[in-house]
Amino acid sequence: MGPIDIKKQAPNIVVWLLLLAMPYWLVGVGGYVELGTRVVVLGLAAMSLNFLLGYTGVLSFGHAAYFGLGAYGAGMIIRYIVPNTGLGILVGTLVGMLAAAVIGPMIIRLRGVYFAMVTIAFGQVFYFVAFRWNNVTGGDDGLTGWTRQPINLGFTRVDILHNPTAFYYLVLICFALAVGVMAWILQSPFGRTLIAIRENERRARFLGIPVDQHIWISWVISCSFVSLAGALYALLNNFVDPRALYWTQSGDFVIMAVLGGMRSFWGPLLGAAIFVVLQDYLSSQTENWMSFLGLFFVLVVLFFPRGILGMMRRKAVS
Amino acid sequence: MTQLVLFDAFNGLIVGAFYALMALGLSLILNLSGVINFAHGGFLAIGGYFAYMLIPYVGFWGALIVAPFLVAFLGIIVERLLICRLYGRDPLYSLLLTFGLAFIFEDGTRFIWGAQSLPYQVPGWLLSPLSSAYFFLTGYRLFMVLIVGIAVVGMFLILNYTKLGVRIRAGTLDLETVSVLGVNVRLLRSLNFGLGVYLAGLAGVLAVGQLGLQPTIGGSLIMPSFVAIIVGGLGSLPGTLLGGLLIGVASGITTVFWPSATEAVIYVMMAAVLLVRPRGLLGEEGRF
């Protein structure tokens, strides 16, 4: 390991400092801790999606399905089996990973818009299962009657239910683990290969890289971390409903990634932060927030297609 | 029992006809311009609302003729103003744009006409059952299937025997060559978009008589239309038609035996098709 390049690491340090201190400065600027937790959870979802979208170049529009599976997995474990938060998170993530692994082989041969179309359509299966399987999932009313449980560390119990700051830090630990793993994968030879596939799939194939297999692995990794985000989202709300699985949710993740900047590691987190704050504000101001959100989509596509970080980087270069 | 199965199969056929009409429009746009039009369901809903507004003035028949053209006109405006800027860019952007438009359409119709279902008048003589044994065969239902049939035949005639249709089909195969041959590709894409949206508008005018007129009607029809395209085969319009009817009937019959799986069954069919025949039932090899 050479000396740490401070200039190169500066953005990372700033992001982590902001995240670590979020419960304190966010309240100062008029927010509330749960809003910060939402940003981190949805930011994780958007960054996981971007692992596939931005770094492998595969257009998935169906990530809400795995987000929702993680959410239902965590909720159902705590509701029906063991009231244990850690186990809920673990099982939720595994459920999403398994579903992605099974569906993967059916879709990895498709590309571009067709991949998007098939992923979004597949997501609907899980939506209808959650919607129709009333006596287990709670149907349209959602899965209720459970709360996140205190974490038992052996020497002390952390009450994450009534202490939003403690829960925020639990979420941040999960976020740090997931983001760390993704960053590590991206700088490994495997991650570099994914970027090569994004840049020129045909050439990667000529080099003898098993492209479909790489995309399948990237897809499973991406979906697993989205499931983790989903599990945390369920814990945040103490509630899951089928809308977490609906196809419009997938669109929200994609717009977060695009808004922040698909080609930058932290971009989707920034996109998620803007999206969450905007949605929070709009839905408190107007009943027609959906129109404004739609307008927001249109404006981002027309004026910020590279995302905020992408634009800043281009300015810095020129 | 037989009657029940027939009843639900026929119901499924009608819903399938709507899926097919939606999916054909989506396919036309997707094949020529590479754009998945998420706002297609929104255009369908607007078709229904336009008809609702027009019926007091021009009657049901007038609305059936005029409303889809108005929707097509609106579609061409949207294409010229917004979507045409994104041709040739990453398909991601047109997806997101039409996604946002779908939000605006759904919320906009709710804002203008309200969230509750509106009363929708179809001619009375169409509503009476044709025979007591087959009570489900009302005139309106047969009429819907008939109009959908006419629209589909008309579309295939246009595509096969008019200059516009031939150009659209040629553009689907190789747009650059078509452009080099002196065809105005911009105009071609606009007209093609209009044609696709026309079908959505027509489906809207007909569907609300059966499914009820409310802002969410488009959103509930668009996903099955995707499935219809995938099952039928990407790039194949006859395949899309077949796919739409097939999943409609399948989900209708499933209603009899396992009502909870009514919606899910079409996605299972999609999975089966992707496993056994990834290019879809009538799709061409290597076209994705």
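These numbers come from a predicted model, not from an experiment.

### Details of the overall build of chain B
Reasoning step 1: A tally of regular secondary structure across chain B gives 10 helices and 0 strands.
Reasoning step 2: Beginning at the N terminus, the succession of helices and strands in chain B can be written as α-α-α-α-α-α-α-α-α-α.
Reasoning step 3: Here the C-alpha radius of gyration of chain B, 19 Å, is about what a compact globule of 288 residues would show, namely 19 Å.
Reasoning step 4: Seen through its C-alpha atoms, chain B measures out along the principal axes to roughly 60 × 50 × 35 Å.
Reasoning step 5: Out of the 288 residues belonging to chain B, those deemed buried represent 52%.
Reasoning step 6: Across chain B, the fraction of contacts at a sequence separation of at least 24, relative to all contacts at a separation of at least 6, is 73%.

### Remarks on the overall build of chain A
Reasoning step 1: Check the secondary structure of chain A and you find 15 helices and 2 strands.
Reasoning step 2: Taken across its 318 residues, chain A has 49% of its residues classed as buried.
Reasoning step 3: Counting only contacts in chain A whose residues sit at least 6 apart along the sequence, the fraction spanning at least 24 positions is 74%.

### A look at the interface of chain B and chain A
Reasoning step 1: In this complex, chain B contributes 35 residues to the contact, which on the side of chain A involves 36 residues.
Reasoning step 2: Mapped by element, the contributors of at least two residues to the side of chain B that touches chain A are α3 (91–113), α8 (217–232) and α10 (264–276) of chain B.
Reasoning step 3: Of all the elements, α3 of chain B adds the most residues to the side of chain B that touches chain A, at 15 residues.
Reasoning step 4: Partitioning the side of chain B that touches chain A into residue classes produces 27 nonpolar, 4 polar and 4 charged.

### Regarding the nonpolar core
Reasoning step 1: Of all hydrophobic cores here, the largest spans 195 residues; its most connected members are Ala121 and Leu232 of chain A together with Leu21, Met22 and Val227 of chain B.
Reasoning step 2: If you tally residues by element for this core, the top one is helix α6 (residues 112–132) of chain A, at 16 residues.

Cut-offs and rules
- Along each chain, numbering runs from 1 in the same order as the chain's sequence is written.
- Naming scheme: in the order in which they are written, chains are lettered from A and ligands are numbered from 1.
- Thresholds applied to this predicted model are a pLDDT of at least 70 for local features of residues and 80 or more for the giving and counting of side-chain atom pairs; totals over whole chains, interfaces and linings are not thresholded and use all residues.
- The helix count covers DSSP runs of H or I at least four residues long, the strand count covers runs of E at least two residues long, and both are numbered beginning at the N terminus.
- Between the two quantities, the radius of gyration covers C-alpha atoms and the globule rule is 2.2 Å times the number of residues to the power 0.38.
- Neighbour density around each residue's C-beta defines its exposure: 20 or more other C-beta atoms within 10 Å make it buried, 12 or fewer make it exposed, and counts between make it partly exposed, where C-beta atoms are placed from the backbone.
- Placing C-beta atoms from the backbone, we regard two residues as in contact once those atoms come within 7 Å.
- Each residue receives one of three labels: charged for Asp, Glu, Lys and Arg, nonpolar for Ala, Val, Leu, Ile, Met, Phe, Trp, Tyr, Cys and Pro, and polar for the others, Gly being one of them.
- Here, a nonpolar core denotes buried Ala, Val, Leu, Ile, Met, Phe, Trp, Tyr and Cys residues that are linked to one another through C-beta atoms within 7 Å.

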